[in-house]
Amino acid sequence: MTVMSYLGAIGAAQREAMETDPRVIIMGEDVEANVYGTMGGGKSRADKGDFLQLFGASRIRNTPISEEIMVGAAAGAAMTGLRPIVDLSYSSFLYMAMDQFVNQVAKNRYMFGGQASLPVVFRSAMFFGLNTGAHHSDRPYPMFMNVPGLKIMVPATPSDAKGLLRTAVDMDDPVLSFEACILWGLKEEVDEQEYRIPFGVARTHREGTDVTIVGISTGVHAALQAAQKLEAEGISAAVIDPRTLVPLDSETILRSVARTGRLVIVDPAHTTCSAAAEISAIVAEQAFDCLKAPIMRVTTPDTQIPFSPAIEKQLYPDAAKTIAAVRKTMDARARAA
Amino acid sequence: MTVMSYLGAIGAAQREAMETDPRVIIMGEDVEANVYGTMGGGKSRADKGDFLQLFGASRIRNTPISEEIMVGAAAGAAMTGLRPIVDLSYSSFLYMAMDQFVNQVAKNRYMFGGQASLPVVFRSAMFFGLNTGAHHSDRPYPMFMNVPGLKIMVPATPSDAKGLLRTAVDMDDPVLSFEACILWGLKEEVDEQEYRIPFGVARTHREGTDVTIVGISTGVHAALQAAQKLEAEGISAAVIDPRTLVPLDSETILRSVARTGRLVIVDPAHTTCSAAAEISAIVAEQAFDCLKAPIMRVTTPDTQIPFSPAIEKQLYPDAAKTIAAVRKTMDARARAA
Amino acid sequence: MTRPNDLLIEMQTRMLRIRKFDERASKMVKRGEIPGTVHTSIGQEAQVVGACMALAEGDYMTGNHRSHGHPIGKGAALGPLMAELTGKATGVCGGKGGSMHLADFKVGSLGESGIVGSSIPIATGAALSSKVLGTGRVALAFFGDGAANQGCLYEAMNLASVWGLPIVFLCENNQYALSTPAHTVTAGVIAERAPGFAMPGIRVEDGQDVLKVHDAVKTAVDRARAGKGPSLVEVVTYRFNEHSEGLRLGTDYRNPAEKEAWMKRDPVKLFRAYLTDNGITDSAALDALEAEVTAEVEAAVQFAADSDYPDSSVAFKHLYTEPFGANL
Amino acid sequence: MTRPNDLLIEMQTRMLRIRKFDERASKMVKRGEIPGTVHTSIGQEAQVVGACMALAEGDYMTGNHRSHGHPIGKGAALGPLMAELTGKATGVCGGKGGSMHLADFKVGSLGESGIVGSSIPIATGAALSSKVLGTGRVALAFFGDGAANQGCLYEAMNLASVWGLPIVFLCENNQYALSTPAHTVTAGVIAERAPGFAMPGIRVEDGQDVLKVHDAVKTAVDRARAGKGPSLVEVVTYRFNEHSEGLRLGTDYRNPAEKEAWMKRDPVKLFRAYLTDNGITDSAALDALEAEVTAEVEAAVQFAADSDYPDSSVAFKHLYTEPFGANL
Ligand SMILES: Cc1ncc(C[n+]2csc(CCOP(=O)(O)OP(=O)(O)O)c2C)c(N)n1
Ligand SMILES: Cc1ncc(C[n+]2csc(CCOP(=O)(O)OP(=O)(O)O)c2C)c(N)n1
Ligand SMILES: [Mg+2]
Ligand SMILES: [Mg+2]
């Protein structure tokens, strides 16, 4: 085990994958210069571990600022023998390539009756909470969840990031990885050996008996802080991180709700049609009889993200809002026997 | 009153708007030739009412096949004095312009502190159910619901189409109109005079006491057919059409659920993160105490749309599936006192 | 360029296949035997076949909604194509694709696209594979004059140029995008956009002549295979039918005189004359060929008719690797 | 082109404003007085001002992340710009935009964009308004060499060309997109892409000379205003600072010799010399001007410092017409 940051873990997973399989390539804007710090080594080409030095210019490819062709060409390359990792830097740039994501990446295997495989990973970071204004602060995974054919990972810890990303690269389906910029510096002990975390298997961070808190991406940390504080008040909260939104491990969530009867979902996306909405709908349909109280969503309200530091942070889910939501569900008149 | 088809009603609303305000223009592929039948008159330029004849080439603009510039230029034009209606033909082509929708159309008023107004309407038709394969069968409104700053209408009848579209053109906010191709031929008596239907006001097609069925777009018709059949069985179903998804009239839905205690949502979008998910989540949070049974979604399962007529239709919500969902909620053990 | 006789005969064979297949498909749409609609390549056979036959068997190709000609030109078997059009389980995509989404990976056909312009990046990616893996394969992207106004084409051309990818961008300029005349929505000349992206742009003015098309595309393919990068080839041609079968537009967006003049230059007839005039073969042999191809198409129709529809469960297959999430 | 002296002085004034404003902003980022980061136009002042001053007051302009120069060049007041950078309620966007999203509709500045390429269609739409409403206004879209590889530029150029829109596409070629040298990701010469879209493409090789830029852009603006349609102007220049303030890249993506050579051609100094050499004004007057501009910038900083942050409720304003759904 080694201490790795979230960003370092992503770099490690990419390096492993590059070393293991010569068909893996990385393409994206400024990947050669390692601007975002996931291309190995340090910040200088002279540093040990620099991807361009290690893997060469044929496999580490600086692209023009042309997201549509970047995504589409990666899809075409994946259909013909490569296993590209596309670094799209900020998640807000994905829209530029939306047609390729929806009409090619998600549909080609299906439309062509299984003739095509698309082993390709699209990485991007959500930069919200950093005073970059509306154009750089998006958390757009819910819209991709509505597109059958894509798989979606939202790692919340360094070890999950490494294990999930490794699985993603090995998988024959297209994966979108939404990484949270505010987690980049988060550190923990991570296995430096190869390991893989399966998609569709939630991580239960804490067991609990009074309420189930499902956290997504940064929401996991809000949930964990909330759970810790709630414990002091005698409220036992389970904290579950689905880790992948497609496929979604609804079983683990349903099982926990069966025990607690209460559900709070912490999701940094905008409220309407969020991942939280989906999880709520699944539980309201499949575990209604277990529910003792309203299902609460702690999400970013349906407004765009303002620049001013005075008014941005209030918008995102945090521990305080999560605690407030849990209190509300605990106060709700118990309905079950 | 005159009998109008759904498509004719759209044409009528556009004509009214064009006649009333010289700042209204229509742009899109093949709009001059009236290929899709919403540009007035008949199918021939000689026919009375042909838009190109009536309004001239400066206001009826054939565009290149360039959705991104079409959407972005309409936004820029709206910010500087025009009130464009953009005909994007099929909803599956909107992805091509996703960046402009999300990063410009939805954000500009907000980011610029209210300096910009965007009076622009983006029309497109959802062609599902017509054996056109995965590329033409999308129902993508849920992903736009996740983008604050856009308004969304989903008319289900000719009279709603005319009144909502007229409101949309008059409004200073950007509106996406998702029209259903299978409804194009639907006819009813429509007021040929000017009238406007407000956004954010649901239409209650039927009152009911046992179950609330919320229908969206074609789902309204499935719901109405289901309600009629259920009546014979002694089940009284309310049918509500939100008509606009943003803003969403959740009050009307909540009020009905308070009465019936049961909710079924019929939404032709893919299940995950659908409009149905959002409505379910709102009710599970705000009307939990009224609920007597699980909230059921009748949606298109999370697979892409196959071409073969043998296997496509089974995927969409219909009356039979709606009835089955209602039966399930009725059978669910009553939980409230 | 000298071309062996059997290549010339094969050109005519493939053009005939496209013609007969599309004529048959058109009828079937009108009779309701094919659901939805189809977009025929009738009148554009020389442009399609001249381009496809400049490619090697292992080369890649992507296309668009005007879709049957491309895989046929690339050598796909007709039965599974026709079965696909009718939505049968034996279709080349198992009935999941339909007319606009034909793909036959066996012959390098990576897929037609119902979204205008959207398959160009796929071909570019195939060329990237070829370059990185060193397979020597060339990719060709078919698209229309209408698609030439989609931004992704220029992103693709730029990327292919700076990376030196083995790809040919093949613009089928049939002068109209649905009802819209190309000159009303296209600034300048499409082929002349190439130099701005540091690649050759070749305009084949007579796209009804299969040999002229073949010459131009062969030059571009050779260049690509030699590692010299991409080219843009624009072929001027004309579609003889309406944009799609069954569509009826009220406006005369195509001038009847123009239409008549172009229809006189029927690529199949022209090449037939070339073959006999140059003594490559004779009328009797060509009649026999035509009969053979007609029979081949009828057999494809029969194959489709005899095939079953897919089982309803098939709608849920092939979305991901199977079983769902198999590759954990 | 003959230019009145006061125009020349105004050019230097605006260049100085950009220089001093950006120098101050850079310091403030480093001190944490501006949240996030900023992208300065230091070194590119001639390119920005030469272009902006070719426009009339009522003309429209859009820009990108390298954002302060554009509205300053177009004549915006500095106080609300600086207040915006610090997130204050008195900011030109009420604190909602920040550095990358400056807009000052009063001077025709329709908005900078943090998304590379994304504001080009907005300028195109403004030109469409002008044409349909007959207002005679011209639109100018600023974008970088990096943005020149976004497909939407070519869609915009094509549309503007076929519709004869009054727009100037202004490529600020500072030779790098973040760490990426333009020549490694750009096929050919950007200005040479224009003829393919039937419009003039002008390349200003010396973008450090404000008059050369002004000449080229003025020609394009006049052409647009005369109803002759769009132009593409590429201006070669250099940014003196890092891509964004505070960013530290380990690799020497810019060769020190190259950097030094370009920094010698400081546009503000060059034009100062021009003004004195040609007897337009003298050193004393220019020193006074510089002091004046410095004071103006300090006043803007003070204005920002004295201003309040927006109330938390402001986060929920301006998303739609208000009250929400007012325009029912
Ligand atoms: C992105 C997109 N926009 C619009 C359409 C609708 N559409 C289908 S074919 C077509 C015309 C295409 O013209 P062209 O590219 O010249 O091909 P042709 O039909 O002439 O062969 C249009 C507008 C589409 N399928 N996809
Ligand atoms: C669509 C998009 N892709 C990537 C980025 C990240 N990014 C911001 S600025 C920049 C470089 C832009 O280069 P250029 O257009 O030449 O402008 P310059 O910074 O040199 O003025 C990049 C890659 C972005 N903001 N938007
Ligand atoms: Mg065409
Ligand atoms: Mg640059």
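Check the entry above for the structure.
Quick notes on the rules
- Residues numbered from 1 in each chain as written.
- Chains lettered and ligands numbered in written order.
- Predicted model: local features only at pLDDT ≥ 70, side-chain atom pairs only at ≥ 80, totals over all residues.
- Heavy atoms only, no water.
- Donors = N, O, S within 2.8 Å, 3.2 Å for Na, K, Ca; no water.
- Helix = DSSP H or I, 4+ residues; strand = E, 2+ residues; numbered from the N terminus.
- Buried < 20%, exposed > 50% of the residue type's maximum accessible area, 1.4 Å probe, protein only.
- Contact = heavy atoms within 4.5 Å.
- Salt bridge = Lys/Arg side-chain N within 4 Å of Asp/Glu carboxyl O.
- Nonpolar A, V, L, I, M, F, W, Y, C, P; charged D, E, K, R; others polar.
- Least-squares fit on C-alpha atoms with pLDDT ≥ 70 in both.
- Buried area = accessible area lost by both parts, 1.4 Å probe.
- Near = heavy atom within 4 Å.
- Polar contact = N/O pair within 3.5 Å; in protein donor to acceptor, adjacent residues only side chain to side chain.
- Areas by Shrake-Rupley, 256 points an atom, 1.4 Å probe, with all protein chains shown as cover.

**Quick word on the coordination of the magnesium ion (ligand 4)**
Residue and element names in this part refer to chain D. The magnesium ion (ligand 4) binds to the protein through Asp-145 (OD), Asn-174 (OD1) and Tyr-176 (O), with metal-donor distances spanning 2.0 to 2.1 Å. Written as a sequence motif, the donor arrangement for the magnesium ion (ligand 4) is D-x28-N-x1-Y. Of this pair, Asp-145 sits in the loop between β2 (139-144) and α6 (151-163) while Asn-174 sits in the loop between β3 (167-173) and β4 (176-177), and the two are 29 residues apart along the sequence. Neither Asp-145 nor Asn-174 differs from the other in exposure class; each is buried.

**With respect to the interface of chain B and chain A**
Listed as interface residues are 52 residues of chain B and, on the opposing side, 53 residues of chain A. Applying the counting rule to chain B against chain A returns four salt bridges. Residues of the side of chain B that touches chain A, tallied by class, amount to 28 nonpolar, twelve polar and twelve charged.

**Points about the relation of the copies chain B and chain A**
Placing chain B over chain A gives an RMSD of 0.0 Å and needs a rotation angle of 180°, together with 0.0 Å of translation along the axis. Such values leave the two copies arranged in the relation of a two-fold axis. Here 100% of the contact residues of chain B are again contact residues in chain A; the copies associate through an equivalent surface.

**Thoughts on the interface of chain D and chain C**
At the interface, 19 residues of chain D touch 19 residues of chain C. Between chain D and chain C lies a buried interface of about 1,400 Å² when both sides are counted; carbon and sulfur atoms form 57% of it. Here chain D and chain C share zero salt bridges between them. Among the elements of the structure, α6 and α7 (182-185) of chain D are those that each provide at least two residues to the side of chain D that touches chain C.

**Points about helix α2 (residues 45-52) of chain D**
Counting buried positions along α2(D) gives eight out of eight residues, so the element sits mostly inside the fold. If you check which residues of α2(D) are buried, you get D:Glu45, D:Ala46, D:Gln47, D:Val48, D:Val49, D:Gly50, D:Ala51 and D:Cys52.

**Observations regarding the site of ligand 2**
Surveying the vicinity of ligand 2 reveals 20 residues, the closest of which are A:Glu67, D:His65, D:Arg66, D:Gly114 and D:Tyr176. Flanking ligand 2 are residues from chains A and D. D:His65 is positioned such that a nitrogen or oxygen atom in its side chain is 2.7 Å from an oxygen atom of ligand 2. Between ligand 2 and D:Asn174 there is a distance of 2.8 Å, counted from an oxygen atom to a side-chain nitrogen or oxygen. Relative to its free-state accessible area of 580 Å², ligand 2 is covered by the protein chains to the extent of 98%.

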